[in-house]
Structures are given as C-alpha cells and as structure tokens.
Amino acid sequence: MTDHPTTPETAPSDGIDDAVRAELTSLRESIDNIDAAVVHMLAERFKATQRVGRLKAEHKLPPADPARERDQIRRLRELAAGAHLDPVFAEKFLTFIIAEVIRHHEAIARA
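Residues numbered from 1 in each chain as written. Predicted model: local features only at pLDDT ≥ 70, side-chain atom pairs only at ≥ 80, totals over all residues. Heavy atoms only, no water.

A. Focus on helix α1 (residues 18–58). The end-to-end C-alpha distance of α1, which contains 41 residues, comes to 60 Å, matching closely the 60 Å that a straight helix rising 1.5 Å per residue would cover. Among the residues making up α1, those that are buried are Arg21, Thr25, Arg28, Phe46, Thr49, Gly53 and Lys56. Buried-residue contacts for α1 involve α3 (87–110). The distance from a side-chain oxygen at the start of α1 to the backbone nitrogen of alanine 19 is 2.8 Å, and the residue carrying that oxygen is aspartate 17. Where α1 ends, the next residue or the one after it, lysine 60, has phi of about 55°, a positive value. (Helix = DSSP H or I, 4+ residues; strand = E, 2+ residues; numbered from the N terminus. Expected span 1.5 Å × (residues − 1). Buried < 20%, exposed > 50% of the residue type's maximum accessible area, 1.4 Å probe, protein only. Contact = heavy atoms within 4.5 Å. Polar contact = N/O pair within 3.5 Å; in protein donor to acceptor, adjacent residues only side chain to side chain.)

Spelled out as structure tokens, the structure:
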C-alpha cells in the first residue's frame, strides 16, 4: 500500500529500463485498484455486521458467536487454499475482522 505508482515523467533517473518502469507502473495501478475494491468490500461487510449487531442487541443475544466464528474461519481457510492464498494468513485476517465486529457489537449492546 506504500507502493505508490510513479509515472515515467516523474520518476527519478535511477537506471530502470523504460519498459520495466512501465510494467511496474501498470502493476502498481492494478494493486491500487484492488486495494480500493478491498476497502469498499470491507465497508459493505461492516454495514451488514452492524445490522447483525443491532439485531443481536434488540434480542439480547451475545455479541460473539464462537460456533459461527469457527465455521467462518474453516470456510475462509478452504477458500484461501482454493485461491492459492496462505490459509494461515487468511485466518489471521478474518480473526482480526471478527475481533473488530465483536467490539462493534459490544458497543451497540451498551448503547
């Protein structure tokens, strides 16, 4: 994410071949687009989990659902393996998101 694209016009004279620089710029633009999509998908996910949190609070349900979390982690690990992404990384990523969701649900329940 700190890998910001540079254009050949603004790039320093560092001895990198123009074709290599152009390919690097193109790849970095793709990465930037993917990062934007990930942020937007996370925003949509959190909108949905906020609705879940409100529903749980209304019905006095606990903020966390360990069985659901285990199922989601298992499912995401399988998806990651099928996509040639490290399942351990995918689990860490989802665990981080789940912790944030639970924090939100606890805040909603207190409100």
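B. Here's a closer look at the pattern of salt bridges. Tallied over the full model, the rule gives five salt bridges. Linking aspartate 14 and arginine 21 is a salt bridge whose minimum nitrogen-to-oxygen distance equals 2.6 Å. Judged by its relative accessible area of 42%, aspartate 14 is partly exposed. Of the residues examined, arginine 21 reaches a relative accessible area of 8% and is grouped as buried. (Salt bridge = Lys/Arg side-chain N within 4 Å of Asp/Glu carboxyl O.)

C. The packing of helix α2 (residues 66–82) against α3, seen in detail. The geometry of α2 relative to α3 is characterised by a closest axis approach of 9 Å and an angle of 145° between their N-to-C directions. By crossing handedness, the relation of α2 to α3 is classed as right-handed. Of α3, the residues touching α2 (which contributes Glu69, Gln72, Ile73, Leu76, Arg77, Ala80 and Ala81) are Pro87, Val88, Ala90, Glu91, Leu94, Thr95, Ile98 and Ile102. Residue composition of the contact of α2 with α3, by class: 10 nonpolar, two polar and three charged. (Axes fitted to C-alpha atoms, helices over the stretch in contact; angles between N-to-C directions. Left-handed = near helix turned anticlockwise from the far one by under 90°. Nonpolar A, V, L, I, M, F, W, Y, C, P; charged D, E, K, R; others polar.)

D. Spatial organisation of the packing of α1 against α3. Two numbers describe how α1 lies on α3: the axes approach to 9 Å, and their chain directions differ by 40°. Taken together, the axes of α1 and α3 are oblique relative to one another. The two elements α1 and α3 cross, and the hand of that crossing is right-handed. Contacts between α1 and α3 involve Leu42, Arg45, Phe46, Thr49, Gln50, Val52, Gly53, Arg54, Lys56 and Ala57 on the former and, on the latter, Phe93, Leu94, Ile97, Glu100, Val101, His104, His105, Ile108 and Ala109. Along the lines of polarity and charge, the residues of the contact of α1 with α3 split into 10 nonpolar, five polar and four charged. (Parallel < 35°, antiparallel > 145°, perpendicular 65-115°, else oblique.)

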